[in-house]
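In case you want the letters, here they are:
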Amino acid sequence: MATLSILVPAYNEAQTIAEILDKLIEAPLGYSLQKEIVVVNDGSTDLTGKIIDEYIEKFLKRTDKAATQASITAHHKTVNAGKGSAIHTGIKIATGEYIIVQDGDLELDPREFNILLQPIIEGYADVVYGSRFIGGKAHRVMNFWHSGGNRLLTFASNMFTNLNLTDMETCYKLFKADIIKGLNLKESRFGFEPEVTARIAKLKDIKIYEVGISYYGRTNSDGKKIGWKDAVRTLWCIVRYNIGN
């Protein structure tokens, strides 16, 4: 039976981490796939690590159907190294045939994994991006400059990669495992998104698809951690990884 590895980078997500793990376990997964949930606690200074460990301890005692179709492991970093670094760790640990990233917040809905899986399972795609800007799914109305910044960064990325993505910055990127494991990824923070996009765009005969997903966005007051400095870094990464190595 094939496995979907779900990487959960988490930094100070004590308010939401247990709930997102619940959602991951309960989300129906088609195509006879098992779930492997890999949580990477990125040096959290709140109770995130404790909550994760207590959650796994309780999970291991469960015997219901949803629990038997999933596994959970945790890796705790002693120092915060950034989302990209946490994802790199998760990629190395993951054993599934397919890999996707799930943030430790509640912005995206794991029940939509099947939407992303369909193009890969049916043999059309090697990589599938979940776009927050297309389709008829629910989207929280966000600040103009936030959404405009996302579109600008996607536009800049597309100029270099010659792709026509609508949402390069999306968290939901689903990969065949051999593809993502074969990349020499370097970015330790939010630069992961433009770097991985640049690197897969350079692969010969790569088939990239995009599907519409829901978006229950957070603001800075809700705990969102990305800021304007990360946007500047993203622009730098777009140029660096498309022109160089």
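Use the structure listed above.
Predicted model, so just to flag it, every value in this text is computed and none were measured.

### A word on the pattern of salt bridges
And step 1. Under the counting rule described, the total for this entry stands at twelve salt bridges.
And step 2. The closest approach of N and O atoms between Lys-176 and Asp-126, which form a salt bridge, is 3.1 Å. Of this pair, Lys-176 sits in strand E6 (residues 173-176) while Asp-126 sits in the loop between helix H5 (113-121) and strand E5 (127-131), placing them 50 residues apart in sequence.
And step 3. For Glu-193, the salt bridge identified is with Lys-173, shortest N-O distance 2.5 Å.

### Notes on helix H1 (residues 17-26)
And step 1. When H1 is considered as a whole, its buried residues turn out to be Ile-17, Ile-20, Leu-21, Leu-24 and Ile-25. The buried residues of H1 occupy one face: seen down the axis, they fall within an arc of 140°.
And step 2. The inward-facing, buried residues of H1 abut strand E1 (3-10), strand E2 (34-42), helix H2 (48-59), helix H3 (65-68), strand E3 (70-77) and H5.

### Regarding H5
And step 1. Turning to H5, its buried residues are Phe-113, Leu-116, Leu-117, Pro-119 and Ile-120. Within H5, the buried residues cover an arc of 160° as seen down the axis, which keeps them to one side.
And step 2. Structurally, H5 contributes buried residues whose contacts are with E1, H1, strand E4 (98-101), E5, E6 and strand E7 (208-212).
And step 3. Once H5 finishes, Gly-123 follows within two positions and takes phi at roughly 90°, a positive value.

### With respect to the pairing of E2
And step 1. Most of E2 is tucked away: eight of the nine residues are buried.
And step 2. Both E1 and E2 contribute to a ladder of eight bridges, which runs parallel. In the sheet register, Leu-4 faces E2, and the bridge partner there is Lys-35.
And step 3. Where the polypeptide runs from E1 across H1 and back to E2, its parallel neighbour, the crossover connection is right-handed.
And step 4. Relative to E3, E2 runs parallel, the two being bridged by eight bridges. Bridging from a neighbouring strand, Glu-36 pairs with Ser-71 of E3.

Definitions and cut-offs
Residues numbered from 1 in each chain as written. Predicted model: local features only at pLDDT ≥ 70, side-chain atom pairs only at ≥ 80, totals over all residues. Heavy atoms only, no water. Salt bridge = Lys/Arg side-chain N within 4 Å of Asp/Glu carboxyl O. Helix = DSSP H or I, 4+ residues; strand = E, 2+ residues; numbered from the N terminus. Buried < 20%, exposed > 50% of the residue type's maximum accessible area, 1.4 Å probe, protein only. Arc of directions from axis to C-beta. Contact = heavy atoms within 4.5 Å. Pairing = 2+ DSSP bridges. Right-handed = clockwise from strand over helix to strand, strands pointing away.

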